[in-house]
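# Secondary and tertiary structure notes
These are the residues of each chain, in order.
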Amino acid sequence: MADRVESAAAGSATRRWTFLAAAIALEVAGSLSLKGALTVPALYLVVVFGYAGAFVCLGLTLRARMPLGVAYGIWGAAGVVLTAAGSALIYGEPLTPLMGAGIAIIIAGVLCVELGAQRARTPGKAS
């Protein structure tokens, strides 16, 4: 019985992270396509489907019981980081050392939120 419960929890965790990864990928695709759509209007379809799909996947992440603060924090931060990196690669936009420091701070902040959420879920731990 314990194995079944543990397996279900692991499956649920995998599902949560899969939905969240899809939400991030779709949001980044939509954001990067937004700039491209200025010259190639057909990319507005990617923008619409990217953002709509991102919100659907974020909703599925929450339905799979990931805490809102964790899901939204990771989604938003990963979106910022990946969009900045993608725009540098695709559009040749600058990625300065100061921007790199900001990205590191974003990653550290999300890590703090995730670790804090894990600590809050662990019985017997003081918050």
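Data block above holds the structure.
Residues numbered from 1 in each chain as written. Predicted model: local features only at pLDDT ≥ 70, side-chain atom pairs only at ≥ 80, totals over all residues. Heavy atoms only, no water.

## Re the packing of helix H3 (residues 68–91) against helix H4 (residues 97–121)
Between H3 and H4, the shortest axis-to-axis distance is 10 Å and the interhelical angle comes to 160 degrees. Here H3 lies roughly antiparallel to H4, going by the angle between them. Of the two possible hands of crossing, H3 and H4 adopt the one that is left-handed. Residue-level inspection shows Gly69, Val70, Gly73, Ile74, Ala77, Val80, Val81 and Ala84 of H3 in contact with H4, the latter providing Ile103, Ile106, Ile107, Val110, Val113, Glu114 and Ala117. (Axes fitted to C-alpha atoms, helices over the stretch in contact; angles between N-to-C directions. Helix = DSSP H or I, 4+ residues; strand = E, 2+ residues; numbered from the N terminus. Parallel < 35°, antiparallel > 145°, perpendicular 65-115°, else oblique. Left-handed = near helix turned anticlockwise from the far one by under 90°. Contact = heavy atoms within 4.5 Å.)

## Brief notes about the packing of helix H2 (residues 44–63) against H3
The geometry of a pair of packed helices is captured by two quantities: the angle between their axes and the separation between those axes. Direction vectors running N to C along H2 and H3 enclose 150 degrees, while the axes themselves pass 10 Å from each other. Considering the angle they form, H2 stands roughly antiparallel to H3. By crossing handedness, the relation of H2 to H3 is classed as right-handed. Along its contact with H2, which presents Ala54, Phe55, Leu58, Thr61 and Leu62, the element H3 presents Leu68, Ala71, Tyr72 and Trp75. Looking at the contact of H2 with H3, its residues break down into 8 nonpolar, 1 polar and no charged. (Nonpolar A, V, L, I, M, F, W, Y, C, P; charged D, E, K, R; others polar.)

## Focus on the nonpolar core
Counting residues in each nonpolar core, the largest one holds 17 residues, and the members touching the most others are Leu20, Ile24, Leu58, Ile74 and Trp75. For this core, the secondary-structure elements that each account for two or more residues are helix H1 (2–36), H2, H3 and H4. With 6 residues, H3 is the largest single contributor of residues to this core. Not counting chain neighbours up to four residues away, the residues in contact with Ile24 comprise Ile74, Trp75, Ala78, Gly79 and Leu82. (Core = buried A, V, L, I, M, F, W, Y, C linked by side-chain atoms within 4.5 Å. Buried < 20%, exposed > 50% of the residue type's maximum accessible area, 1.4 Å probe, protein only.)

## Examining a nonpolar patch on the surface
A surface patch of nonpolar side chains, about 310 Å² in accessible area, is lined by Leu34, Leu38 and Tyr44. With respect to the secondary-structure elements, Leu34 resides in helix H1. Residue classification places Leu34 among the partly exposed positions, given a relative accessible area of 38%. (Patch = residues over 30% accessible without salt bridge, like charges linked within 9 Å, V, L, I, M, F, W, Y side chains within 5 Å. Areas by Shrake-Rupley, 256 points an atom, 1.4 Å probe, with all protein chains shown as cover. Salt bridge = Lys/Arg side-chain N within 4 Å of Asp/Glu carboxyl O.)

These figures capture arrangement, not role.
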